[in-house]
Structure formats: C-alpha cells, structure tokens
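The chain contents come next:
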Number of protein chains: 4
Amino acid sequence: MKKYSDKESRILDTAAEMFATQPFHKVLLSDVARVASVGKGTLYLYFKSKDDLYFAVLFRGFSILVERLKKYTEVEGSSPSDQLRCIVRDMILHMINKASNAQLLGKVMHYPNSGEWQEKRVELWSLLQSVIEAGIESGEFEDSCPRLTAQYIPSVIRSICLFPPENIDTETICNHACAFVLKSLKKNAPSA
Amino acid sequence: MKKYSDKESRILDTAAEMFATQPFHKVLLSDVARVASVGKGTLYLYFKSKDDLYFAVLFRGFSILVERLKKYTEVEGSSPSDQLRCIVRDMILHMINKASNAQLLGKVMHYPNSGEWQEKRVELWSLLQSVIEAGIESGEFEDSCPRLTAQYIPSVIRSICLFPPENIDTETICNHACAFVLKSLKKNAPSA
Amino acid sequence: MKKYSDKESRILDTAAEMFATQPFHKVLLSDVARVASVGKGTLYLYFKSKDDLYFAVLFRGFSILVERLKKYTEVEGSSPSDQLRCIVRDMILHMINKASNAQLLGKVMHYPNSGEWQEKRVELWSLLQSVIEAGIESGEFEDSCPRLTAQYIPSVIRSICLFPPENIDTETICNHACAFVLKSLKKNAPSA
Amino acid sequence: MKKYSDKESRILDTAAEMFATQPFHKVLLSDVARVASVGKGTLYLYFKSKDDLYFAVLFRGFSILVERLKKYTEVEGSSPSDQLRCIVRDMILHMINKASNAQLLGKVMHYPNSGEWQEKRVELWSLLQSVIEAGIESGEFEDSCPRLTAQYIPSVIRSICLFPPENIDTETICNHACAFVLKSLKKNAPSA
DNA sequence: AATGAATGAGTGTTCATTCAT
DNA sequence: AATGAATGAACACTCATTCAT
C-alpha cells in the first residue's frame, strides 16, 4: 500500500468528497485547496494535474476497498458463501449513503491514463472471481462464467448505494442482495 | 412521447454521441453544432444551456429505452421469464459497444433538475418490477423484494455493456446474464 | 418635419423609452420588436442597424423639441425675456421625470454618423442664441458670448430633469432656473 | 481616499481612457488588459465584472475631482467668489478635451449599485452648495435655492467640456463661464 | 410589406496551471 | 516545501443581422 503524507491525505480526502458530490468540471481546484487548507500551488507538488488528482482519488479509494475485502477471503475456515456474504455486506455498509465511494465503482474513464486505473477494477473483479471459483471447486457453487458474475456483484452494490430505496432498511437490503447473488450461484441439488 | 423537430433530433443525436464518448467538460458546443450541421446559436433555440442539452439527451435516451422495453411486456402469451429474457437481451444487444446508451443507465445527477430525470429511471425500474410481480403471481418466481431486484437488473446490464469482456462473445454474455437473473428469481420446486 | 409611418412611430416610441431607461448595450432589438409588437425583421425595414435606430430616436426627439420651442420665438409682442422664460419652463415641464427626453440633451456619440445628429443639437443652440441676441439688440440683455450662454441653458435644464431635487416642487424649480438664466443676461442699469 | 495597488491603477487608467473614448460595448476587456499590460484574468482579480470596472473608473474619477476641488474651499482668506472662480476654472481646464473626465460628470446610472455612486455626485453638489451658502452668509451672494445652483454649475461645465466651441479659446470660455455663474449669484446693490 | 428561425462572429468570464517569492 | 497572484487559452453564451417564406 502506497503511503500518503499528511498534506497529501488531506488533499485526497477533500477531493474525494468533492468529486463525489459534483461532476468533475464543477470541482474547482481552488476550492479543493481552500477546503484542504493548502495553497493552490501545493496541489501541484503532489499531483501533476486535475486529472491526475482525480485518478489518485479513485485509485486510493479502490485500493483501500480491495485491501479491506481481501481480509474476508483470508479468514480461516470461512466458506466461499460466507466470504461472499461478508464482502457484499461490507461494501453496502461502507458505501450506502456515501456517494463518494459508490461513484468510483462505476466511473468510466474517458481519459488517457485510464489503463492504470482499469487495473484496479480488474483487481476487484479478480478477488470476487477467485471466491466464486473456490466455491465451485468446493461444490458449493456452479457458474458457467465466474468472470462475468464477479463483474455483476460490484455493479449491483453500486446501484444499491447510489439509489438506496428510501423505505427499506439497510439490513433488509443487505440480506436481499446477498440472497440474490448466492441463489444464483448455489449449486442445485442434482436431480437425483 | 415528446416529439422532436428535425433539427432538435439532429442536435440530440450528435450530443448523445459526444457526451457518451467524452466527459462533459470536453464536449464543446461548437463541435456539437458543427457535427449536427446547425449554427451554434441554434442550439440555444432548443436548449437553455449545455446542462439542459445534457439532460435532454439522457431523458430522451431513457424514454426511448423504456418505450421499447414496454413492448415485450405486452406480447400475448409470453411468460414473465420470457419477457425478462427478452428485456435483458434487448438491452444488452442495444447497448453493448454503445457506451452512449449504457452510460445513461447509471448517470447520477448532481444537478438541480435531476428530479424530472429521476422519474425516468424509476419508470424503468417499475417496468421490471411489474414483470417480476407477474411472475410471482403466476408462481413462476419468488422474490422477497421485487423492487430491489428490478434495480439490480439494469445495473448488471450496464456493467456488461460498459466493460464487455473481450474474449466472450455477445451471445454467451446474454445467456449468462439471463441465467443469472432468472435463477435468482426462479421458484424452487417445493421440497416434496 | 419628417413623417413617420405608424409602425415606424411605434418602433421609435418603444426604442426611445428603452434607450432612455437602459444603456445602449442592454437594449435588445428583440425586446424592442416585442414591445413594439412588430417582427424583429421589421425593424430592418425602417432602420439600417441598431445604431441607426438609436440615432433616429435622438434625431426625432431633438426635432420635436426644437419645433415646439420655435413657436415661442414667433409669438407676437413677446420680449426676449418672456421667450426665454417660456422656453425654459416648457423644457423643464416636458422633460422632468421623463428621463428619455432629458437624456438626449447630453448624449455624446462616438459613432460615425453622429455628425448628422449633432446638427440638431446646434439647431437648438442657435434658436436660443438668436433669442439672446434679440435681447441684446433690444437693450434688455448683455452677453459677451451668446453662443456659450445658449449652450449652458439646455445643460442646466438637463441636469434638473435628470436629478430633480425631491423636496422642491416643480414650479419653484422652474422659477429658480428662469431667474438664474435671466439674471445672468439682464443688462445692469448703467451706473449713472 | 481608497488606495489602489499598482496594477489596479494601471487598469483603471487604461479603462478610464477607453470608456471615455468609446461606448461601453465597444470597449473590449481584452484590449483593456493588453493596453494595461496585464493578463485578461488579472482584471477579474480586481473587478468582479466589466460593469464593476466601469463603476470603479467613474467612482475614482469623481473622488479625485471632489478631493481636488475641496482644496480651493480651504484656502485662507479667499472669498466665496474667488473659490467659485477657482473651482469653475479648475474643472474646465482639467476636463476640456478630456472627454473621459467630462463624461463622468453626467453619467446617469442605469445600474443596480448606482446608489453608492449617487452619493459621490451629491458630494460634489454639497461642496458647491456650501461655498454658495458661505457667500450668502457674507453678503456677497443671494440665492433662493443654493442647492439648485450648485447642481447647475457642474452641468454647465460638463456641456462646455463635451462640446467645446471650436473658435473660442479656453481662457475666454473660462472667463465667460465664471462671469455667467457669478453674475447670477452676485447680490445686487440695494437700490438706494 | 412582414416575419422570426437560423446564424456565427464576437466577447465576457472561468479556471487549470505556473512561478517568483 | 509552500504559496497565491498572475496568467491566457479555452469556452459558453449572446444578439445584431439575414433571408426564406
């Protein structure tokens, strides 16, 4: 994990908040600097450009997320279903009502250096894919294309977190989302 | 369905293409005008501002989509599963490699008039929800919260269309997506 | 006197009002057309350009004024003092609280065709100058440069009408202005 | 007196020159910036908008004028007539052939913040009014409404400076204007 | 004659980026 | 390292003018 200096972190935190709240072009670097309590020029000591800052925000967010989710796959004795459940629940709880984080799950880059950033997304998919494949291995799951399913999961969670239905409590949503995913993966008892 | 004049349509088509390809602030109105073969001032005869044009693009896109999908729910003798399959397939085929259309499924608006536009998204969810509910009614499906499932479906499709796995052919993807959704909804045979 | 068609008059009236109320660049021809109830293109049937319309407004205003004032100089048996009094009173009463008319007395044009319009101002000055000279001739007035005094008079009136002191009634103002001008012109009794 | 920074002064000087020479809408901010040797963006560090710059120009001009004229009223042992003569002469000499300064004497504001600007005009009138009142006090002058006379004086001077008669030399004009004003104010010897 | 939809040159304003301090 | 005044390229938007009807 990359280490961020104090100032750098403050900038990233501020920028994350603002990029999540407003579209890119409405986020002014002068505002970022002011809110982060640094000089406007200071931004350029840490980030090459506005685009660069934007990517750094997304990148850091993604890295933190993936890092956190990885833990669940390393818990001794947890089944793939348990792991998936934990992952889905964790993502929803961390991102619901936190547009800043939910947004980044679905950002599509129209930008040159999006390659580097694309890698991070793939990292998340790979994590999920390996859990699914472990489940298949263990006979718990069946899935003709774990790669695709792995891709569906974050997108479902993103949608939930961006547009959380107002009259359903978070716990119910978590359960429903877990059930939705797991039921799709569950291996049907072989018709005897 | 709102009717668009000839020039208005040309502008919307052009703008849709450009907003889908580049981030908002890289889309120049002068380019839109040039490509649409109208004067720059003409844009302002039909749209109050760049933002307004942007919303009009999203709004029209959504309207067209919903209108098209509605047809599948009106086919005589088609089961809810069939309808869902058709809808999923239709959306994927229409949007894959057409970022312009896929993007709009997930746009979150940070703008004042986003209310009006939210309605359109809800219209899509409602359409799907009623298909699911019909399936529950007929005993085909079971779902503790069709509202949520209805929301998942477009998000899954959006993800597919924005990041289509390169080494999987479209047909396979369609089938996988349909299967994923339907398996989750299918009522399990009551354990005898 | 030039004759104006019905539509032309409506346009001039509207434009006069608007040019008096707002600076040139805030007056939109589309507004003029709308308020005058004519098509925007119609303006161009009568006036070559916005500048042209502007000059026409000033020109007509000046012409009307000069025409009206001329009458006072033609009254049989009226002394130059009487004539001046009438002129000053007439101008004040016609222009006080009518910025549109007062404004034009002091408009300076930076435009090419301002010459033609300047002539009209000179016409006003000449009118006044000849009254003053008549007074000198008759021994009533003395003035080392009637040309200058003639120029002062409209400027005094303009100031009154643009910035009418709120707590002084119009009659008092008229009397004061007349007295101010006449006292300056009056021939002092030759020190015997 | 407000203090202006170096750059601010350069901008104001340039803008004053240009606004005096051309109508508002023909003055381009890019020209102002170029002539003042600053970046176009720099204008906006000091002035909120083109309108704002315009007002700043007029305001500063008026402030300087009033400040300068005040001096004459503070000269030890000078009579009100002397003071008035000095004021009239000073204004004419400073403004004749300097449209920039003459213009501002008569600007009527069609703008929102004209209140603040109205104050400045009143400041000039008050200055003149108090000189006149001092003359009345000392028995030199008589005037039934010094407030009005104070208003006439700048307007007369403005007219002179905007439309200076070409074939009369400045000295003659000054003398005539002084005489015109003073004769009107002079207390007539009581008819013995 | 009369219109107003269409135009595009022209301009005010913004804002990412730089650099002297 | 840190700053923020200064910059100017870039862009949205306006509005006088035209012309097909």
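Going by the structure above, here's the rest.
What you are looking at is a predicted structure, and each value in this text was computed from that prediction instead of being measured.

### Details of the overall build of chain A
(1) Moving on: A count of helical and extended segments in chain A gives nine helices and zero strands.
(2) Moving on: For chain A, the N- to C-terminal ordering of α and β elements is α-α-α-α-α-α-α-α-α.
(3) Moving on: Scored against the burial criterion, the 192 residues of chain A give a buried share of 51%.
(4) Moving on: When contacts within chain A are restricted to residue pairs at least 6 apart in sequence, long-range pairs at least 24 apart make up 70% of them.
(5) Moving on: Of the roughly 8,800 Å² of accessible surface on chain A, 53% is carried by carbon and sulfur atoms.
(6) Moving on: For chain A, the centre of its 24 positive side-chain charges and the centre of its 23 negative side-chain charges are spaced 6 Å apart.

### Comments concerning the relation of the copies chain B and chain A
(1) Moving on: Rotating chain B by 179° and translating it 0.0 Å along the rotation axis places it on chain A, where the RMSD comes to 0.3 Å. Such a turn and shift between the copies fits a two-fold axis. Closest approach to the rotation axis within chain B is made by the C-alpha atom of Ser184(B), at a distance of 2.4 Å.
(2) Moving on: Of the residues that chain B buries at the interface, 96% are likewise interface residues in chain A, meaning the two copies contact each other through the same surface.

### Comments concerning the interface of chain B and chain A
(1) Moving on: Taken residue by residue, the interface counts 45 residues in chain B and 43 residues in chain A.
(2) Moving on: In this assembly, chain B packs against chain A so that about 3,700 Å² is buried in total across both faces, 63% of it on carbon and sulfur atoms.
(3) Moving on: Put simply, chain B and chain A have three salt bridges between them.
(4) Moving on: With its nearest N and O atoms 3.4 Å apart, the salt bridge here joins Glu142(A) to Lys183(B).
(5) Moving on: Across the contact surface, chain B and chain A share 22 residue pairs in polar contact (both at pLDDT 80 or more).
(6) Moving on: Contributing elements (two or more residues each) for the side of chain B that touches chain A: helix H1 (6-21), helix H6 (99-106), helix H7 (114-137), helix H8 (146-162) and helix H9 (170-185) of chain B.
(7) Moving on: When residues of the side of chain B that touches chain A are assigned to their parent elements, the largest contribution, 11 residues, is made by H8(B).
(8) Moving on: By residue class, the composition of the side of chain B that touches chain A is 20 nonpolar, 15 polar and 10 charged.

### As for the interface of chain D and chain C
(1) Moving on: Taken together, the contact pairs 45 residues of chain D with 44 residues of chain C.
(2) Moving on: Surface buried jointly by chain D and chain C totals about 3,700 Å² across both partners, of which 63% is contributed by carbon and sulfur atoms.
(3) Moving on: Ranking the residues of chain D by area buried against chain C places Tyr152(D), Phe163(D) and Lys183(D) at the top, with a combined share of 19%.
(4) Moving on: Across the contact surface, chain D and chain C share three salt bridges.
(5) Moving on: Within the residue set of the side of chain D that touches chain C, elements represented by two or more residues are helix H1 (6-21), helix H6 (99-106), helix H7 (114-137), helix H8 (146-162) and helix H9 (170-185) of chain D.
(6) Moving on: The leading source of residues in the side of chain D that touches chain C is H8(D), at 11 residues.
(7) Moving on: In terms of residue class, the side of chain D that touches chain C is built from 21 nonpolar, 14 polar and 10 charged.

### Thoughts on the pattern of salt bridges
(1) Moving on: By the definition in use, this model includes 34 salt bridges over all chains.
(2) Moving on: Among the ionic pairs, Arg10(D) bridges to Asp6(D), the shortest N-O distance being 3.3 Å. Remark: Asp6(D) and Arg10(D) occur in helix H1; sequence separation between them is four residues, near one turn of the helix.
(3) Moving on: A residue is classified by how much of its surface remains accessible, and Asp6(D), at 57% relative accessible area, is exposed.
(4) Moving on: One salt-bridge network, held together by shared partners, links Lys70(B), Lys120(B) and Glu123(B).

### Focus: unusual backbone geometry
Residues and elements named next belong to chain A.
(1) Moving on: Of note in this structure, serine 37 is not a glycine but carries a positive phi near 60°.
(2) Moving on: Tracing the sequence through the fold places serine 37 in the loop between helix H2 (29-35) and helix H3 (40-46).
(3) Moving on: Since its relative accessible area comes to 56%, serine 37 is described here as exposed.

### Observations concerning the packing of aromatic side chains
(1) Moving on: Counted according to the given criterion, the structure contains 26 aromatic pairs over all chains.
(2) Moving on: For the pair Phe24(C) and Tyr54(C), a centre-to-centre distance of 5.1 Å together with 85° between the ring planes defines the contact as edge-to-face. Pair noted here: Phe24(C) is in the loop between helix H1 (6-21) and helix H2 (29-35) and Tyr54(C) is in helix H4 (residues 50-73), with a separation of 30 residues, a long-range link. Residues Phe24(C) and Tyr54(C) agree in their burial class; the two are buried.
(3) Moving on: Sitting over the face of the ring of Phe24(D), Lys50(D) holds its NZ or CZ atom 4.4 Å from the ring centroid.

### Observations regarding the protein's contact with DNA strand F
(1) Moving on: Around DNA strand F sit 30 residues in total, of which Thr42(A), Lys40(B), Lys50(B), Tyr44(C) and Thr42(D) are the nearest.
(2) Moving on: Within the side chain of Lys50(B), an N or O atom sits 2.8 Å from a phosphate oxygen of DNA strand F.
(3) Moving on: Of all the secondary-structure elements, those providing two or more residues to the surface near DNA strand F are H3 of chain A, helix H3 (40-46) of chain B, helix H3 (40-46) of chain C together with helix H3 (40-46) of chain D.
(4) Moving on: Here the surface near DNA strand F is composed, by residue class, of 14 nonpolar, eight polar and eight charged.

### Quick look at the relation of the copies chain D and chain C
(1) Moving on: After a rotation of 180° and a shift along the axis of 0.2 Å, chain D superposes on chain C with an RMSD of 0.4 Å.
(2) Moving on: A high fraction, 96%, of the interface residues of chain D reappear at the interface in chain C, so the copies pair face to face through one surface.

### Thoughts on the environment of Arg89(D)
All names here are of chain D.
(1) Moving on: Mapped onto the elements of the fold, arginine 89 is located in helix H5 (residues 80-95).
(2) Moving on: Under the relative-accessibility criterion, arginine 89 is labelled partly exposed at 26%.
(3) Moving on: Expressed as a C-alpha distance, the spacing of arginine 89 and glutamate 171, which sit 82 residues apart in the sequence, is 8.9 Å.

### Topic: the protein's contact with DNA strand E
(1) Moving on: The local shell around DNA strand E holds 30 residues, among which Tyr44(A), Thr42(B), Thr42(C), Tyr44(D) and Lys50(D) are the closest.
(2) Moving on: When atoms of DNA strand E within 4 Å of the protein are sorted by moiety, sugar and phosphate together comprise 68%.
(3) Moving on: The backbone of Gly39(C) places a nitrogen or oxygen atom 2.9 Å from a phosphate oxygen of DNA strand E.
(4) Moving on: Take Lys40(D): an N or O atom from its side chain is 2.9 Å from a base oxygen of DNA strand E.
(5) Moving on: For the surface near DNA strand E, the elements supplying multiple residues, two or more each, are H3 of chain A, H3 of chain B, H3 of chain C together with H3 of chain D.
(6) Moving on: Looking at the surface near DNA strand E, its residues break down into 14 nonpolar, eight polar and eight charged.

### Some details on the arrangement of the chains
(1) Moving on: Without any contact between them, chain A and chain C keep their closest C-alpha atoms 29 Å apart.
(2) Moving on: Separated in space, chain B and chain D share no contact, their closest pair of C-alpha atoms being 20 Å apart.

### Focus: helix H9 (residues 170-185) of chain A
(1) Moving on: With 16 residues, H9(A) should cover 22 Å at 1.5 Å per step; its first-to-last C-alpha distance of 23 Å lies within 8% of that length.
(2) Moving on: For H9(A), the set of buried residues is Ile173(A), Cys174(A), His176(A), Ala177(A), Cys178(A), Phe180(A), Val181(A), Leu182(A), Ser184(A) and Leu185(A).

About the cut-offs
Residues numbered from 1 in each chain as written. Chains lettered and ligands numbered in written order. Predicted model: local features only at pLDDT ≥ 70, side-chain atom pairs only at ≥ 80, totals over all residues. Heavy atoms only, no water. Helix = DSSP H or I, 4+ residues; strand = E, 2+ residues; numbered from the N terminus. Buried < 20%, exposed > 50% of the residue type's maximum accessible area, 1.4 Å probe, protein only. Contact = heavy atoms within 4.5 Å. Areas by Shrake-Rupley, 256 points an atom, 1.4 Å probe, with all protein chains shown as cover. Lys, Arg positive; Asp, Glu negative; His and termini not counted. Charge placed at Lys NZ, Arg CZ, Asp CG, Glu CD. Least-squares fit on C-alpha atoms with pLDDT ≥ 70 in both. Buried area = accessible area lost by both parts, 1.4 Å probe. Salt bridge = Lys/Arg side-chain N within 4 Å of Asp/Glu carboxyl O. Polar contact = N/O pair within 3.5 Å; in protein donor to acceptor, adjacent residues only side chain to side chain. Nonpolar A, V, L, I, M, F, W, Y, C, P; charged D, E, K, R; others polar. Phe/Tyr/Trp six-rings, centres within 6.5 Å; stacked < 30°, edge-to-face > 60°. Lys NZ or Arg CZ within 6 Å of the ring centre and 35° of its normal. Near = heavy atom within 4 Å. Expected span 1.5 Å × (residues − 1).

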